[in-house]
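Survey of secondary and tertiary structure
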Amino acid sequence: MARSEYHFAVRFDSIRSRILALAILGTLVPTAISLGVAYSQHRRALQTQVTQNLLSASSGAARAAGVWLKERLYDLRVFASSDEVLNNVNRYATGQGSIPSARLREYLRSLQEKFPDFEQLVVTDAQGRVIASGAAQASAVVLPEDWQRVMRQGNQVVGDASWNEKAGKGKLLVAVPVTRADGQIIGAFAAEVALAPVQSLLRDFASGGEVALSLVSEDGALVATSGEISEAVLKTRVAEPTLAALVAKEQSAVTYANRGGVEVFGTLGRVPQLQWSVMAEVPAADAFATVTSFRNVAMFVFVVLLAVVGWVAFRLGQVIVRPLERLAAGANVVSTGDLEVDLPVTGEAGEVDALTTVFNNMVRRLRAGRQQLADLNATLRTHAVSLEKLSVTDGLTGLLNHRALMQRLGEEATRATRTQRPFCVIMADVDYFKKYNDEFGHPAGDEVLKQVAKILQDSTRNVDCVARYGGEEFSALLPETSVQGAMEVAERMRARVAATQFGGREVTLSLGVAEFPTDAKTAEKIIAVADKALYEAKKAGRNQVVRGKSTSRKTTTVLAIAKPKAAAKGRATSTKKKPKA
């Protein structure tokens, strides 16, 4: 008997085996496929969102780091151009003296007191020998062997990050040339810059600690991180394969093992005008926690459904004594995917009615399962729409984000090229925003960004595109607008912001304007021209509008409606004349 039952169970030509196969194929396979598709879509959508967040953090931190270093180098150039420095270095260069004046040392000490970011300021001669230092106990400052060649090429030297064991701080060596009127380099003005501000800057972009940010040099050496700066960190280098993979896929995310051996999901953002980059990474387990939970629930449901369907099918097979053509025909219809099957019950007691009733119940359950899957798919589609909206919107200001702006800019460039009608780009940056944050706190700074965003939005037309470019920087795209109209819009933005009180304090904007195709013929270059004009506005004193210039046009128009404020206390001011409006 046992042998006969075993033979009956494994053979596929029995009714019980066919019912079991039908139940599994008709219920579990569609369920597994639907759950698999839902899982894949959910993971893909979440991966896109995580990638955009990482790209936003890395690119924003990279720009901020570039601005921070650019400001430090600008301060050094102002210091190096002072008469006190030039006279002393020139005396060394011409052999008229070998002892630095007390005024020079006092000048360096006063600069260090006013600018706490500089750990030590030194002046060297043309051979790199230290002439004077602003530190009470000067530490050794060694410039690279080829520092003069580097300065002639880039007008600056940025060394490697190192650890000051005595002070327990990370530092970075930067230097600018000291030049005579004829352009000859007669010395260098060098500084050891504290890395703590860079660490604070990276933390600002680290999304509350969820994202880990690291500033790395061209060869993969760590300069600073959002977590900590220590001797061990500064001696760490990113693995060459990891760095190569991140560089090769700069606009997308890469999965790799970080220096702690944890699998992470990361992106890379280039620091403007430097060979540095910012790595943004988040543990893969944290990034895809919701997807993993969904997968586990789906597997549990699948196993439970498999057990239930298998048990029901087995019980149905036990009460079947002979194959029924009507039931076989109904099963054949169901196997094609048509679940609108309802076999009539004859009312006769026995196996036929029992089997028919069970079959009808099974088909109804299949229909219910299909409806549940349809509802699940509708929910997933709704979530996908929400995620897509989040991927193009800045969460703080409600404006379009950098990704959406660049997409719109590319479309507008194509349209303008086809219709031969210009458009303009405005780049705006909140002046001294970091100082505002330091004084009033980041919540107050966020409120400033929200108010500025609303003012910019109200200052433009419905067809214009206003976006948050990153940090405290905004951008506006004005379709079918000449540069004269764009300058008026930019001035309106500047004036409205300047007239608004932000927590009892005035906030100003510096703006740069560029026209397509007059100033540039690609979307990326028009942004670069406007951004350069923005930098010129800041350099000229902030709180003004500057017209960008192309390679074919040699002048820069500055619209200085409001007189720029005097430099903040403790900030050295340049003696260079500002460009006329």
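As the structure is a prediction and not an experimental result, all values here were calculated from the model.

A few points about the overall build of the chain
- Scanning the chain from terminus to terminus reveals 17 helices and 18 strands.
- Looking at the 581 residues of the chain, the share that counts as buried comes to 44%.
- Considering only residue pairs separated by 6 or more positions, the chain has 61% of its internal contacts joining residues 24 or more positions apart.
- When the accessible surface of the chain is totalled, it reaches about 30400 Å², and 54% of it is carbon and sulfur.

Side note on the confidence of the model for the chain
- Residue-level pLDDT values for the chain average 79, and 81% of them are 70 or greater.
- When the criterion is pLDDT under 50, residues 1-10 qualifies, and its contacts beyond four places in sequence or with other chains add up to six contacts.
- Long-range and interchain partners of residues 554-581, a stretch whose pLDDT sits below 50, account for 46 contacts in this model, where long-range means more than four residues apart.

Some thoughts on the sheet that holds strand 6 (residues 212-216)
- Pairing is antiparallel across the open sheet formed by five strands, whose spatial order is 7-6-10-9-8. Edge positions in the sheet fall to strand 7 (222-225) and strand 8 (254-257), since each of these pairs with one other strand and no more. Each adjacent strand pair in this sheet contributes to an overall mean axis angle of 35°, direction not counted.
- When strand 6 meets strand 10 (residues 277-283), the two strands line up antiparallel, connected through five bridges.

Side note on the environment of A191
- The residue A191 is located in strand 5 (residues 185-194) in this model.
- For the pair formed by A191 and D117, sequence separation is 74 residues and the distance between their alpha carbons is 9.6 Å.
- Dropping the residues within four chain positions of it, A191 is found in contact with L76, F118, Q120, L121, L172, L173 and V174.

A few points about the pattern of salt bridges
- Summed over the entire model, instances satisfying the criterion amount to 22 salt bridges.
- Ionic pairing is found between R180 and D182, a salt bridge with its closest N-O pair at 3.7 Å.
- Accessibility expressed as a relative area gives 28% for R180, which makes it partly exposed.
- Classification of D182 by relative accessible area gives exposed; the value is 57%.

Quick look at unusual backbone geometry
- Put simply, F516 and P517 share a cis peptide bond, and its omega is 5°.
- For P517, the position within the fold is in the loop between strand 16 (509-516) and helix 17 (523-539).
- Positive phi values are uncommon outside glycine, yet Q420 reaches one of about 60°.
- Inspection of the secondary structure assignment puts Q420 in the loop between helix 13 (402-419) and strand 11 (423-430).
- Of the residues examined, Q420 reaches a relative accessible area of 67% and is grouped as exposed.
- In this model, R542 sits at a positive phi of 70°, which is unusual for a non-glycine residue.

With respect to the sheet that holds strand 4 (residues 169-179)
- The sheet built from five strands is open, its strands ordered 2-1-5-4-3 with antiparallel pairing. Because the sheet does not close on itself, it has two edges, and the strands there are strand 2 (130-133) and strand 3 (157-164). Adjacent strand axes in the sheet meet at a mean angle of 25° when their direction is disregarded.
- On the sheet, helix 4 (residues 102-114) packs against strand 1 (118-125), strand 2 and strand 5 and is oriented at approximately 150° with respect to strand 1.

Parameters at a glance
- Residues numbered from 1 in each chain as written.
- Predicted model: local features only at pLDDT ≥ 70, side-chain atom pairs only at ≥ 80, totals over all residues.
- Heavy atoms only, no water.
- Helix = DSSP H or I, 4+ residues; strand = E, 2+ residues; numbered from the N terminus.
- Buried < 20%, exposed > 50% of the residue type's maximum accessible area, 1.4 Å probe, protein only.
- Contact = heavy atoms within 4.5 Å.
- Areas by Shrake-Rupley, 256 points an atom, 1.4 Å probe, with all protein chains shown as cover.
- pLDDT = per-residue confidence, 0-100.
- Pairing = 2+ DSSP bridges.
- Axes fitted to C-alpha atoms, helices over the stretch in contact; angles between N-to-C directions.
- Salt bridge = Lys/Arg side-chain N within 4 Å of Asp/Glu carboxyl O.

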